[in-house]
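If you want the building blocks of each chain, they are given just below.
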Amino acid sequence: MGNIMEKLELTAQSMYCKKIEELTPAELHYSLGKAVMGEIAGNWEASKIKHDSERRAYYFSAEFLMGRMMYNNLYCLGILEDVTKLLKKKGIDINVFEDIDDAALGNGGLGRLAACFLDSAATQEVPLDGYGIRYKYGLFKQLIENGYQVETADNWQRFEDPWCNRVEDEAVTVSFKGQTVKAVPYDMAVIGCKTTNINTLRLWQAEAVNDFDFTAFNNTEYNNAVQEKNDAENITKVLYPNDNKYEGKVLRLKQQYFFCSASLQDIMRRYKKKHGNDFSFFAKENTIQLNDTHPVSCVPELVRLLMNEGFNFDDAFEIARKTFNYTNHTVLGEALEKWPADLMTQVIPEIYHIICLIANKCQEELTAKGVHEDTKAKMRIIDGNVVHMARLATYASTYVNGVAELHTEILKADVLKEWYQVYPERFQNKTNGITQRRWLGLCNPELSALITEKVGSDAWLTDLSVLEKLNDCIDTRTITKFNNIKKKKKQQLADYIKKMDGYDVNPDSIYDIQVKRLHEYKRQLLNAFSIMTIYFRLKDKKLKNWTPTTFIFGAKAAPGYARAKAIIKYINEIAKLVNNDPETKDLLQVYFISNYNVSYAEKIVVAADLSEQTSTAGLEASGTGNMKFMLNGAPTLGTLDGANVEIAECAGIENEYIFGAKVEDIERMKKEGYHPKALYDANPEIKRVVDTLIDGTFDDGGAQGEGSFKELHDSLLKDSSWQKADNYFLIYDLPDYVDTKIRANTEYANRKEFGKKCLINIANAGKFSSDRTILQYAKEIWHTSYKK
Ligand code: CRA
């Protein structure tokens, strides 16, 4: 410890010629980060040597949403409190690091899951390293101007990045048709908790092989002189801001192939150091988890690299199949990657050629297994000049898994039905999880202390199942303590929102919170409609005994997603109306906080009274925000979808607020017909609420009845050429949702009974630790070692 402060002092001196107390927040961040890196260097090296000697797993992911590193790393090292005190002695508030941006190299759940997995693997001593992309710009920053989302660039590296070491001498080259670039690795240490084990996240940055063309420069062709540099750097310049949506752009395909090829070359080089050119142990020593299909080009790439080593295609493919496993994260059609064959030929022709070989092999194998021609047709990896990446991934993997029980069942029964019939032994479920270090220990020290007191130790930090013990101590005193902690966290969030967004949130109101990416299937619009329903009932004096409630939204919309952006504007219009209406403003408040990200989430999930998880049943593969709220004691107000089902199972459905159509109901309506317009015509309350989109109540910037709200209105009531009316069943679910929300509001007034529900949620959240998930991957898929 003393050591860290000495190291900090030295860095401050040598880098900035300053004393610690003179450093700017960015300088202090860099110096302290480097001091921490110095502290752990020995353990990191030792862990690498250990992992080199054993079977190991790799997590390939286009996204790692790590969030802010400083507090987490100090926390996992067990020195956060001491460093806080030591800095305080110098007159420095450790909160200065809140000025440092998150590392937002991910969109949402999928990227954050990857980060939680790395954290859990490090803590549970699973030899798992991550491979991904070091984007120059992460997910855009969101401003809200006049109720609209405005995007700005996330230049996270402007603070310097003390957490990554550039490993120049392990750079490799990656070739596309007509372009060869350098891939330079940046290694980030992933620090385990209560262990000396440290894993590695290796992120690749694209650079030019030749930075600068001197001849062109001398011929005064200044642009040409840097052309190659720009073309190369563009590959890792920016993260695609889509969540759950496939975008078939050349640059995206390049990003995917770029990091896959570099990572495989890296793994093969390490292997060669041990075994020379004998690749027969490759799949025994290495297993690779594909985080969705984004990294699936590494299947043909591994085949290609092995063929370069002298293997024939069939043998190379067998090694690949033994090496890879695939996690599917979505059933949404628009998110399933389907790359046009000509685009692949244009960018990575050799890879496309190998995919053709794999596709043929697959059809031959199916023929040999006696699979019916119709079924075989549905399983074509290349179909009508389109490459189906989920099929390729399924065919080329040892195991395929979904991310919650319900989701895995839907994969087996629907999305990958034919594959499940032919290869049932490949399918597994691995319900997602979250790390309790960041999502309880770090973000909620007050609740952590209460839990530690009640269960008798902080063993929950590395074994969340210990929380079960809480079930036996839910008495009046504990409930009161919990309620007081929640109150404190609500005040803290109110202060934070004031600082970040300037809003005055009433800390005595119920906090009903929906934070996640903006997507139609997540149904933020349904939440907005429920608020308008309640608003009208309050105005009409039809709703009595309503406890004042603050509805908080946070969500980024993909910049090209017009409907999602219209929904943001609509929520902000509602906020303007209800927050300023003297009749309702003390009963209802609505706030849309801007730039929702990991750091904001850390303040929000701890302060929620209700966790909104309202996706159309069958469409949210798992959700992980739901688990963060549960762990911090907020009951779920949600549908039986994704991991909500398991949350309700664990805590008891009577301790959640479950509403709406179930998967079977949705299926039935799809089959037998669903007529939202009829429901709307028959129910004046629904009609009144939905029509606020078009009746002049709100302003969407367009001429009345022509702007983006009109388009939303149409999407709910009119079939279009490409989509059925109310595709996500908002109108069907609205009445039950409103009833359930009002029931929650009523029950909240009984502070003791409600507090009990909250504590039961916490006590039964053990399953949702990513430690549990990662140990299941280690035992059931990867067959690596783990902490005993
Ligand atoms: N958007 C799912 O939609 C799930 C995460 C992590 C998602 C979430 O329900 O919790 O993955 N899917 O498993 C996805 O990204 C490409 O598919 C997500 O984050």
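It should be emphasised that the depicted structure is a prediction, and the values quoted were computed from it without experimental measurement.

Caption draft 1: Molecular detail of helix 9 (residues 250-275). Here helix 9 is 26 residues long and its end C-alpha atoms lie 37 Å apart, about the 38 Å a rise of 1.5 Å per residue gives. Two residues or fewer after helix 9 comes G276, characterised by a positive phi angle close to 65 degrees.

Caption draft 2: Just the packing of helix 21 (residues 476-501) against helix 32 (residues 751-763), in detail. Relative to each other, helix 21 and helix 32 sit at 85 degrees, their axes nearing to 9 Å. Here helix 21 is positioned roughly perpendicular relative to helix 32, judged by the angle of their axes. Two secondary-structure elements touch here, helix 21 through T476, T478, I479, F482 and N483 and helix 32 through R751, K752, G755, K756, C758 and L759. Here the contact of helix 21 with helix 32 is composed, by residue class, of four nonpolar, four polar and three charged.

Caption draft 3: Here's a closer look at the confidence of the model for the protein. Residues at a pLDDT of 70 or more form 99% of the protein, whose mean pLDDT is 97. Prediction confidence for the complex, expressed as pTM and ipTM, is 0.98 and 0.99 respectively.

Caption draft 4: Inspection of the nonpolar core at higher detail. Core analysis: the biggest nonpolar cluster contains 223 residues, and I355, I358, L392 and I571 have the highest contact counts within it. For this core, the two domains that each supply at least three residues are domain 1 (2-432 + 774-782) and domain 2 (436-768). Sequence-distant contacts of L392, that is, excluding residues within four places in its chain, are made with V296, V299, I355, I358, I381 and V387.

Caption draft 5: Summary view of the domain arrangement of the protein. Domains assigned within the protein are domain 1 (2-432 + 774-782) and domain 2 (436-768). Between the C-alpha centres of domain 1 and domain 2 there is a distance of 32 Å. Tallying the contact residues gives 45 residues for domain 1 and 36 residues for domain 2. Going through the elements one at a time, strand 2 (64-67), helix 3 (70-76), helix 5 (109-123), strand 5 (141-145), strand 6 (148-152) and helix 17 (405-415) are the ones with two or more residues in the side of domain 1 that touches domain 2. Among the elements that take part in the side of domain 1 that touches domain 2, helix 5 stands out by supplying five residues, more than any other. Classifying every residue of the side of domain 1 that touches domain 2 gives 18 nonpolar, 17 polar and 10 charged.

Thresholds, definitions, all that
- Residues numbered from 1 in each chain as written.
- Predicted model: local features only at pLDDT ≥ 70, side-chain atom pairs only at ≥ 80, totals over all residues.
- Helix = DSSP H or I, 4+ residues; strand = E, 2+ residues; numbered from the N terminus.
- Expected span 1.5 Å × (residues − 1).
- Axes fitted to C-alpha atoms, helices over the stretch in contact; angles between N-to-C directions.
- Parallel < 35°, antiparallel > 145°, perpendicular 65-115°, else oblique.
- Contact = placed C-beta atoms within 7 Å.
- Nonpolar A, V, L, I, M, F, W, Y, C, P; charged D, E, K, R; others polar.
- pLDDT = per-residue confidence, 0-100.
- Core = buried A, V, L, I, M, F, W, Y, C linked by C-beta atoms within 7 Å.
- Buried ≥ 20, exposed ≤ 12 C-beta atoms within 10 Å, placed from the backbone.
- Domains from an automatic or database assignment.

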